[in-house]
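# Structural features, examined
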Amino acid sequence: MRQTNFHARTAVLLTVILLFAIIAGCSTPARDPLTENWRVTVNGTTEKVLTIKDLKELPVVNGHGYCVSTTGARFGPYTCKGVDLRDIAAQAGGIQPGQQIWVSAPDGYLWVFDYDQLEGRGFITFNENLTEIPAPPLRIILMYEQNGTPLSYDDGGPARIAIISEEPGIVTEGSAWVKWVDRIEIKD
Ligand SMILES: Nc1nc2c(c(=O)[nH]1)N[C@H]1C(S)=C(S)[C@@H](COP(=O)(O)O)O[C@H]1N2
Ligand SMILES: [Mo]
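Residues numbered from 1 in each chain as written. Chains lettered and ligands numbered in written order. Predicted model: local features only at pLDDT ≥ 70, side-chain atom pairs only at ≥ 80, totals over all residues. Heavy atoms only, no water.

### Examining the packing of aromatic side chains
The description of an aromatic ring pair rests on the distance of the ring centres and on the angle between the ring planes. The tally for this structure, following the rule as stated, stands at 2 aromatic pairs. A ring pair is formed by Tyr153 and Trp180, whose centres lie 5.3 Å apart and whose planes are at 25°; its orientation type is stacked. Of the two residues, Tyr153 is situated in the loop between β10 (149-150) and β11 (160-165) and Trp180 in the loop between β12 (171-173) and β13 (183-187); the sequence distance between them amounts to 27 residues. Tyr153 gets classed as partly exposed once you look at its relative accessible area, which sits at 47%. The ring centre of Trp102 lies 4.5 Å from the NZ or CZ of Lys187, which sits over that ring. (Phe/Tyr/Trp six-rings, centres within 6.5 Å; stacked < 30°, edge-to-face > 60°. Helix = DSSP H or I, 4+ residues; strand = E, 2+ residues; numbered from the N terminus. Buried < 20%, exposed > 50% of the residue type's maximum accessible area, 1.4 Å probe, protein only. Lys NZ or Arg CZ within 6 Å of the ring centre and 35° of its normal.)

### A look at the pairing of strand β9 (residues 139-146)
Burial analysis of β9 places 7 of its 8 residues in the buried class, the great majority of the element. Judged from the 5 bridges that link them, strand β4 (residues 74-84) and β9 form a sheet pairing that is antiparallel. When the sheet's bridge partners are listed, Cys80 is paired in β9 with Gln146. Sheet topology places β9 next to β11; 5 bridges connect them, and they run antiparallel. Note that in β11 the partner of Leu142 across the bridge is Ile161. (Pairing = 2+ DSSP bridges.)

### Focus on the nonpolar core
One recurring pattern in soluble globular proteins: nonpolar side chains tend to sit buried together. Membership of the largest hydrophobic core comes to 43 residues, with the highest contact counts inside it found for Leu85, Ile88, Ile161 and Ile184. Looking at this core element by element, the count peaks at 5 residues for β9. Residue contacts for Leu85: discarding those within four places in its chain leaves Ile101, Val103, Phe113, Leu118, Ile140, Ile141, Ile161 and Ile184. (Core = buried A, V, L, I, M, F, W, Y, C linked by side-chain atoms within 4.5 Å. Contact = heavy atoms within 4.5 Å.)

### Quick look at unusual backbone geometry
Residue Pro77 follows Gly76 across a cis peptide bond; omega there is 0°. With respect to the secondary-structure elements, Pro77 resides in strand β4. Cis geometry marks the peptide bond from Gly157 to Pro158, where omega comes out at 5°. Phi is positive for Asn147, which is not a glycine, with a value near 50°.

### Re the environment of Thr70
Relative to the elements of secondary structure, Thr70 occurs in the loop between β3 (61-68) and β4. For Thr70, a relative accessible area of 86% gives the class exposed.

### Here we look at the side chain of Gln146
With respect to the helices and strands, Gln146 occurs in strand β9. The residues contacting Gln146, other than those within four sequence positions of it, are Tyr78, Thr79, Leu151 and Asp155.

### What to know about the sheet that holds β13
Strand order across the open sheet formed by 5 strands is β2-β1-β13-β5-β6, with mixed pairing between neighbours. Two strands close off the open sheet at either side, each with one partner strand: β2 (47-50) and β6 (110-114). Along the sheet, successive strands turn relative to each other by an average axial angle of 15°, direction set aside. In this structure, strand β1 (residues 40-43) lies alongside β2, joined through 4 bridges in antiparallel fashion. Following the sheet pairing, Asn43 is matched in β2 by Glu47. (Axes fitted to C-alpha atoms, helices over the stretch in contact; angles between N-to-C directions.)

### Here we look at the site of ligand 1
Around ligand 1, the structure places Ser69, Phe75, Ala105, Asp107, Tyr109, Arg160, Gly174, Ser175, Trp177, Val178, Lys179 and Trp180. Side-chain polar atom of Asp107 to a nitrogen atom of ligand 1: 2.7 Å apart, as the coordinates give it. Contact distances for ligand 1 include 2.9 Å between an oxygen atom and a side-chain N or O atom of Arg160. Relative to its unbound accessible area of 530 Å², ligand 1 is 78% covered by the protein chains. Classifying every residue of the shell around ligand 1 by side-chain character gives 6 nonpolar, 3 polar and 3 charged. (Near = heavy atom within 4 Å. Polar contact = N/O pair within 3.5 Å; in protein donor to acceptor, adjacent residues only side chain to side chain. Areas by Shrake-Rupley, 256 points an atom, 1.4 Å probe, with all protein chains shown as cover. Nonpolar A, V, L, I, M, F, W, Y, C, P; charged D, E, K, R; others polar.)

Structure follows, in structure tokens:
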């Protein structure tokens, strides 16, 4: 009898612990230290450091992105969500005609965008068969979501440059799609 009671209480206790574990597991979002510790420094006439939360509070831009590497491999098509690079520049004094934006990453990779490109002009674009086509209006964004999910590290996350258009099927050069962005500088 004593033994049975003991087993019954142990069973109840274990069930309660299990339930707590399940509830905790469901309500606590999966911690992602890489994203939590990520920062991007925006440097212009002033300097501002943004967290992923700060980035997500800036005006949201959605569009279609598709890129091709120098070896001809295509990545995409993706739906891309992020923040217009001009809105990020505005966090550090903004960008004037004639200025450039230098975007870099911890691996030392750097890509430069001129003012025209920030306005969506001056990019080389291709169709899906990699035939060069006239460019539709484009936008440069710092993307934090790809195909509706947070950008993974392998895809250049937490945040990566994407060149997007309203219409799908527009392929741009992959070299501009800077991965793991941690620094954005406005230069004369
Ligand atoms: N930080 C960083 N971003 C980068 C690169 C790099 O070496 N470092 N390579 C670029 C080049 S040349 C291409 S073609 C694409 C490749 O994208 P993928 O790695 O998603 O295939 O990323 C671009 N972004
Ligand atoms: Mo590339």
